[in-house]
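Okay, here's what each chain looks like letter by letter:
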Amino acid sequence: MKTSTTPILIIGGSSVGMSLANELAHRNINCILVEKQKGINPHPRANAVANRTMEFYRRWGIDQALIDNGISPDSPADYLYTTSMNGRLVYKISLPSHNQLMALADSGADDKRLHHSPYLKTILGQNEVDKILKNHVLKQPKIDARYGWELIGFRQVEQPKHHVVAMVKNGDTGEIQEIVADYMVACDGGQSLVRTTMGVPLKGKGGLAHFVAIHFKAPGLNRKFGHGNIYFQLKKQYGGFLMNWDGGTTYTFHHVLKDGQDWQDVDPVDLIQKIAGWNIPVEIFSTQPWTAHQLVAEYYRRGHIFLTGDAAHLFTPTGGFGMNTGVADAMDIAWKLQAMLEGWGGDGLLDSYHEERRPIGVQNTATSAGYFYALNNSFRFGEELDEDTAEGETARQTLVSELDGQVGLIDSSGLLLGYRYEGSSICVSDGTEAVPFDPQHYWPTTRPGHRLPHLWVKEGVSVLDLLGREFTLIRTDPDVNVDDFRGAAEAAGLPLKILDVSAEIFAETYEKKLVLVRPDLMVAWRGDTTPNDVTAVIDQVRGCL
Ligand SMILES: Cc1cc2nc3c(=O)[nH]c(=O)nc-3n(C[C@H](O)[C@H](O)[C@H](O)COP(=O)(O)OP(=O)(O)OC[C@H]3O[C@@H](n4cnc5c(N)ncnc54)[C@H](O)[C@@H]3O)c2cc1C
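Model, not experiment: these values are computed from the prediction.

The next point concerns the overall build of the chain. If you tally the helices and strands in the chain, you get 14 helices and 24 strands. With respect to the principal axes defined by its C-alpha atoms, the chain has extents near 75 × 60 × 35 Å. For the chain, the residues scored as buried account for 59% of the 545 residues in total. In the chain, of all internal contacts separated by at least 6 residues, the share reaching a separation of at least 24 is 71%. When the accessible surface of the chain is split by element, carbon and sulfur atoms take 49% of a total near 21,300 Å². In the chain, which carries 51 positive and 66 negative side-chain charges, the distance between the mean positions of the two groups comes to 3 Å.

Below, the structure written as structure tokens:
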């Protein structure tokens, strides 16, 4: 049997696994990526790539490809709530197009949300995201990508050196090979073989609702309401959401099944014609079931094995957090594994992955489930919604007032940018209080454990572009002596870059003269002078205390 060795073995080559592989390649670390499918999952699931995810993708230079392959930058991203695609428009959330928002941001408009990140929400199907990620994977000499290979078993060996031995099988030939890895990261999705084999339980609430997803083509379906991002179908018989993948030709309808209803009993063409409200020709591409959950793995780390993405947490799609949370998991574990392999990280760094990312999984799945309950409750009226009666009017007005409260579905900047690693053992607390977590509102801060706020340095250049693969000490006052900082980092082997920035642009937002940023763009420490015990700070942020 053939045996390969690698520092890092990634199981699962969908959005999260490929993001991890690309981030490791960006960090010059070799890995083997094993994915059982030979091609990309053609069924689009996610449609919202968060600004935070785009900030990570920006570093590998694929951000523009995502924008270019998304819905036309001139198309508005409206959310419409209708009784059918030929019926009444009950409610609408108007969202300007990407280009309109960018023009607003460029004009210096006062809306702070426009300036929190170089990006707003990028709308494109997950299948398109995966194509771009795969294209990038295939260009990386550091990634040994093995599509069509499936993990069938694994074990951890602790002596003489802790490592993982995995068995993989080729789907075409049946050939079995062995892969020996220093670390293994499971990105193998909700049914994760890795998680179940290790017996890691999922905590939370499973089976919030069952759906059937119908991916289809029906040109003209939006002829009455025009372009929208998502059309929610409010009548209880057909309740669900219709995602528009292009100018109005291709869609996916996610329909909430009734209790006990089998997805295979749904006639997809009939259902689409019902929500169309007329006899429109429909071409079905695929029909798949899926289940909404609010579940998080109890442990994200077992020895040298880590869970990321849907292997670690299962969401409802409301809010669009599943993939984005998984990508942020990958960014957190990538530099920590790099540190271990390069010898400057301590074992505390590996524990900090669970410590930092699991609370985010809990927080994000709970927020998403909250949005789902509210939305699902909207699917409780029937035919009266279309009627010109007092009963119909009352039902519509009730929905309007309820839907007014569901802004989280479209604006979650607090959750996507304002997440923080509270109490992390590798972030050095400065004793300040955190601003309360609010999924809808983001307040830029350099408080340790938070995302480094983006600021434009000059036209088209974000501070994020000036951060490298290493730790960065950002200094807004060149008179502050950082020699001891540099010396302590050097002594520990921790790669550190000193970045001088203009106080005029940065001092107010960054609050402190020195801000130490981790390789994953999170703040590790801040202060106005080099701390007396700078060695202790360096040791803490590299997991050696
Ligand atoms: C309707 C819908 C809408 C959504 N919308 C959004 C959204 O707008 N934004 C968002 O962020 N998220 C969204 N999500 C969630 C998102 O789709 C998932 O969170 C995301 O796909 C998780 O990515 P992953 O790579 O962790 O897992 P998956 O995408 O499930 O990929 C796992 C991969 O592992 C492979 N694999 C499994 N077992 C093995 C094995 N033994 N050996 C080798 N390979 C294996 C599989 O073939 C697969 O390719 C949505 C989900 C749904 C259903």
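Packing of helix α1 (residues 15–26) against helix α5 (residues 126–137) brings their axes to within 9 Å, and their N-to-C directions diverge by 30°. Here α5 runs roughly parallel to α1, going by the angle between their axes. In the crossing of α1 with α5, the sense of the turn from one axis to the other is left-handed. Only Gln-126, Asp-130, Leu-133, Lys-134, His-136 and Val-137 of α5 make contact with α1, whose side of the interface consists of Ser-15, Met-18, Ser-19 and Asn-22. Of the residues contributing to the contact of α1 with α5, the split by class is 3 nonpolar, 5 polar and 2 charged.

With respect to spatial proximity, 30 residues lie near the ligand, and among them Ser-14, Glu-35, Gln-126, Asp-310 and Met-323 are the closest. For the ligand, an oxygen atom lies 2.7 Å from a polar atom in the side chain of Glu-35. One of the side-chain nitrogen or oxygen atoms of Arg-45 is found 3.0 Å away from an oxygen atom of the ligand. Here the ligand loses 89% of its free accessible area of 1,000 Å² to cover by the protein chains. Secondary structure elements with two or more residues in the shell around the ligand: α1, β2 (31–35), β8 (149–157) and α8 (322–342).

Note: strands within a sheet are paired through backbone hydrogen bonds, in either parallel or antiparallel orientation. If you walk across this open sheet you meet the 8 strands as β5-β4-β12-β13-β14-β11-β15-β18, and the pairing is mixed. At either end of the open sheet lies a strand with only one pairing partner, and these are β5 (89–93) and β18 (313–314). The pairing of strand β11 (residues 202–217) with strand β15 (residues 283–297) spans 13 bridges and is antiparallel. The partner of Lys-205 across the bridge, within β15, is Gln-294. Of the strands in this sheet, β4 (79–82), β11, β12 (230–233), β14 (250–256), β15 and β18 touch helix α9 (residues 347–378), which is tilted by about 125° from β15.

Another point: the pairing of β12. Along β12, one buried face is formed by Ile-230 and Phe-232 and the opposite face, lined by Tyr-231 and Gln-233, is buried too. Examined bridge by bridge, β4 and β12 share 4 bridges and lie parallel to one another. Bridge pairing links Thr-82 to Gln-233 in β12. Two strands pair when backbone bridges link them, and β12 and strand β13 (residues 240–244) are joined in this way by 4 bridges, in the antiparallel orientation. Residue pairing for β13: Gln-233 is matched across the bridge by Gly-240. Between the end of β12 and the start of β13, which pair antiparallel, lie 6 residues.

Another aspect to go through is the sheet that holds strand β23 (residues 514–517). Taken in spatial order, the 4 strands line up as β22-β21-β23-β24 in an open sheet, and their pairing is mixed. Of all the strands in the sheet, the pair left with one neighbour each is β22 (496–500) and β24 (523–527). Put simply, the sheet's adjacent strands are angled 20° from each other on average, direction ignored. Two elements, strand β21 (residues 471–475) and β22, share 5 bridges in a ladder whose sense is parallel. Paired with Ile-474 across the strands is Leu-499, a residue of β22.

What follows deals with the packing of aromatic side chains. What the rule picks out here adds up to 21 aromatic pairs. On the basis of an interplanar angle of 20° and a centroid distance of 6.4 Å, the ring pair of Trp-335 and Trp-344 is categorised as stacked. Given a relative accessible area of 3%, Trp-344 falls into the buried group. With 5.0 Å between their ring centres and 70° between their planes, Phe-506 and Tyr-510 make a pair best called edge-to-face. Residue Phe-506 and its partner Tyr-510 are both found in helix α13 (residues 503–510); the two are separated by 4 residues, about one turn of the helix. Here Phe-506 falls in the buried class, since its relative accessible area comes to 1%. Under the relative-accessibility criterion, Tyr-510 is labelled buried at 0%. Here the aromatic residues Tyr-79, Tyr-81, Tyr-91, Phe-211, Phe-232, Phe-241, Trp-290, Phe-372 and Tyr-373 are joined through ring pairs into a cluster of three or more. Over the aromatic face of Tyr-419 sits the side chain of Arg-357, whose NZ or CZ is 5.7 Å from the ring centroid.

Here the focus is the environment of Ser-429. Mapped onto the fold, Ser-429 is located in the loop between α11 (413–417) and β19 (456–458). A sequence separation of 96 residues divides Ser-429 from Trp-525, and the C-alpha atoms of the two residues are 7.1 Å apart. At a separation of 3.0 Å, a polar atom in the side chain of Ser-429 contacts the main-chain amide nitrogen of Gly-431.

This paragraph deals with the side chain of His-163. Mapped onto the secondary structure, His-163 falls in strand β9 (residues 163–170). A polar contact of 2.7 Å, which involves the side chain of His-163, links it to the backbone oxygen of Lys-161.

Rules used in this analysis
Residues numbered from 1 in each chain as written. Predicted model: local features only at pLDDT ≥ 70, side-chain atom pairs only at ≥ 80, totals over all residues. Heavy atoms only, no water. Helix = DSSP H or I, 4+ residues; strand = E, 2+ residues; numbered from the N terminus. Buried < 20%, exposed > 50% of the residue type's maximum accessible area, 1.4 Å probe, protein only. Contact = heavy atoms within 4.5 Å. Areas by Shrake-Rupley, 256 points an atom, 1.4 Å probe, with all protein chains shown as cover. Lys, Arg positive; Asp, Glu negative; His and termini not counted. Charge placed at Lys NZ, Arg CZ, Asp CG, Glu CD. Axes fitted to C-alpha atoms, helices over the stretch in contact; angles between N-to-C directions. Parallel < 35°, antiparallel > 145°, perpendicular 65-115°, else oblique. Left-handed = near helix turned anticlockwise from the far one by under 90°. Nonpolar A, V, L, I, M, F, W, Y, C, P; charged D, E, K, R; others polar. Near = heavy atom within 4 Å. Polar contact = N/O pair within 3.5 Å; in protein donor to acceptor, adjacent residues only side chain to side chain. Pairing = 2+ DSSP bridges. Phe/Tyr/Trp six-rings, centres within 6.5 Å; stacked < 30°, edge-to-face > 60°. Lys NZ or Arg CZ within 6 Å of the ring centre and 35° of its normal.

Read these as geometric descriptors, not functional statements.
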